[in-house]
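# Per-entry structural report
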Amino acid sequence: MVTSADRPYIGRFAPSPTGPLHFGSLLAAIASYLQSRTANGRWLLRIEDIDPPREQPGADKLILDTLESYGFEWDGPVTYQSHFRERHEASIEKLIATGLAYPCSCSRRDLATAVRGPLGAIYPGTCRQGCESSDVAIRVRTHGNPITFTDRLQGRRTMQLESASGDFVIRRRDGLVAYHLAVVNDDADQGITEVVRGIDLLDSTPRHIHLQELLDIPTPSYVHIPVAENAAGQKLSKLTGAPAISIDRASRTLVAALRALGQTTPQELEAESLDEIWAWATQHWQINRLSARQNIAPQHYC
Ligand code: GLU
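Now for a description of the structure that goes with this document.

Calculation criteria
Residues numbered from 1 in each chain as written. Predicted model: local features only at pLDDT ≥ 70, side-chain atom pairs only at ≥ 80, totals over all residues. Heavy atoms only, no water. Helix = DSSP H or I, 4+ residues; strand = E, 2+ residues; numbered from the N terminus. Contact = heavy atoms within 4.5 Å. Areas by Shrake-Rupley, 256 points an atom, 1.4 Å probe, with all protein chains shown as cover. Lys, Arg positive; Asp, Glu negative; His and termini not counted. Charge placed at Lys NZ, Arg CZ, Asp CG, Glu CD. Buried < 20%, exposed > 50% of the residue type's maximum accessible area, 1.4 Å probe, protein only. Near = heavy atom within 4 Å. Polar contact = N/O pair within 3.5 Å; in protein donor to acceptor, adjacent residues only side chain to side chain. Nonpolar A, V, L, I, M, F, W, Y, C, P; charged D, E, K, R; others polar. Core = buried A, V, L, I, M, F, W, Y, C linked by side-chain atoms within 4.5 Å. Pairing = 2+ DSSP bridges. Axes fitted to C-alpha atoms, helices over the stretch in contact; angles between N-to-C directions.

## Focus on the overall build of the protein
In terms of helices and strands, the protein carries eight helices and 14 strands. A principal-axis box enclosing the C-alpha atoms of the protein has dimensions of 65 × 40 × 35 Å. Counting contacts in the protein only where the partners sit at least 6 residues apart, residues at least 24 apart contribute 78% of the total. Just so you have it, the protein exposes about 14,100 Å², and 49% of that area is on carbon and sulfur atoms. Computed over 31 positive and 35 negative side-chain charges, the separation of the two mean positions in the protein equals 5 Å.

## Considerations on unusual backbone geometry
In the Ramachandran plot, Asn40 falls in the positive-phi region, its phi being about 55° despite a non-glycine side chain. Residue Asn40 is classed as exposed on the basis of its relative accessible area of 74%. Unlike most non-glycine residues, Asp216 shows phi in positive territory, near 60°. Tracing the chain through its elements places Asp216 in the loop between α6 (205-215) and β12 (221-225). Taking the relative accessible area as the measure of exposure, Asp216 reaches 60% and is therefore exposed.

## Concerning the side chain of Gln212
For Gln212, the position within the fold is in helix α6. Not counting residues within four places of it along the chain, the set of residues in contact with Gln212 comprises Val184, Ile217, Pro218, Thr219, Pro220 and Tyr222.

## Here's the deal with the site of the ligand
Near the ligand the following residues occur: Arg12, Ala14, Pro15, Ser16, Glu48, Tyr179, Val183, Arg197 and Leu201. At a separation of 2.6 Å, a nitrogen atom of the ligand approaches a polar side-chain atom of Glu48. A distance of 2.8 Å separates an oxygen atom of the ligand from a polar atom in the side chain of Tyr179. Per-class residue counts for the shell around the ligand are five nonpolar, one polar and three charged.

## Some words on the nonpolar core
With 45 residues, the main nonpolar core has Phe23, Ile30, Phe72 and Ile225 as its most contacted residues. Ranked by residues supplied to this core, first place goes to helix α1 (residues 23-38) with nine residues. Once you skip the residues sitting within four places of it in the chain, Ile30 turns out to touch Phe72, Leu254, Ala257, Leu258, Leu261 and Trp278. With 30 residues, the next largest nonpolar core counts Met159, Ala164, Ala182 and Val183 among its residues.

## Remarks on the sheet that holds strand β3 (residues 79-80)
The three strands lie next to each other as β1-β2-β3, forming an open sheet whose pairing is parallel. Each edge of the sheet is formed by a strand with only one pairing partner; in this case those strands are β1 (10-13) and β3. Looking at chain direction, strand β2 (residues 42-47) and β3 are connected through two bridges and run parallel. Pairing of Arg46 across the sheet is with Thr79, part of β3.

## Digging into the sheet that holds strand β10 (residues 168-171)
Sheet architecture is open: three strands sit in the order β4-β7-β10, paired in antiparallel fashion. Where the open sheet ends on each side, the last strands, each with one partner, are β4 (101-104) and β10. Ignoring strand direction, the axes of neighbouring strands in this sheet form an average angle of 45°. In the packing of α6 onto the sheet, contacts are made with β7 (137-140) and β10, and the angle to β10 comes to roughly 60°.

## Comments concerning the environment of Thr158
By the element assignment, Thr158 lies in strand β9 (residues 155-159). Linking Thr158 and Ser25, residues 133 residues apart in sequence, is a C-alpha distance of 26 Å.

Next up, the structure:
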């Protein structure tokens, strides 16, 4: 595995423009930002706009405006994942040319009876030896060797992809590039050394490491932070109706978020300016305070 050790720290926040920023995504933004700042590194902002059916017009602008009004300062211009489409396609073509990926014409219905694993239906390999149709997805081959990595908060993780998901889709039948393929290419192209994101993506990481190995690109370090949940124990997301965070009470919400991230902020901090709060946070940030937690319950929000 090519690792990111010894390269200058570059972190990132990579929201999908599916809706406004909610408290859960704010936590990922803060954790990745403070990891970068305390390492004297760069913090990049990348809008992951490669799945138009799930996106909401104007959400990118709303997210950027909100981040700005909370005092985040990103390095360099904001990038849009859709602009890297040619490079994503080049990686897919490279995998096909070397026999590591192949066309698959199986429909959802064809896979309805497939055995289910931890990541959903395990692809039974139907099209591994070739398929006739031109209406196809592209799948990458997986193997039976375990993929192991150590997450800074969640510890050592191992997954055998062949039995967890089987060969997985890197370009969908509708022609859209899959998130897994896009994210590993962009993280490598942007020189990302550490990925900080929600624990809901922890199970995606072995697929990312698998792709990094096949494409011969570096594997960053990974830190998966607990996700914020609503009162019903569901992950805060657009699907579960998570409300947008308000820009009116940014200081209060920022301090509540720091507390939700396990930081022991002084009582009077929320009365301070955003600059003061960020200065305190940069000086006191300790990501390890999140170690033993899998989720962040609603009493932590403001
Ligand atoms: N775009 C993804 C999301 O908004 C995050 C991807 C990542 O951080 O790797 O959930």
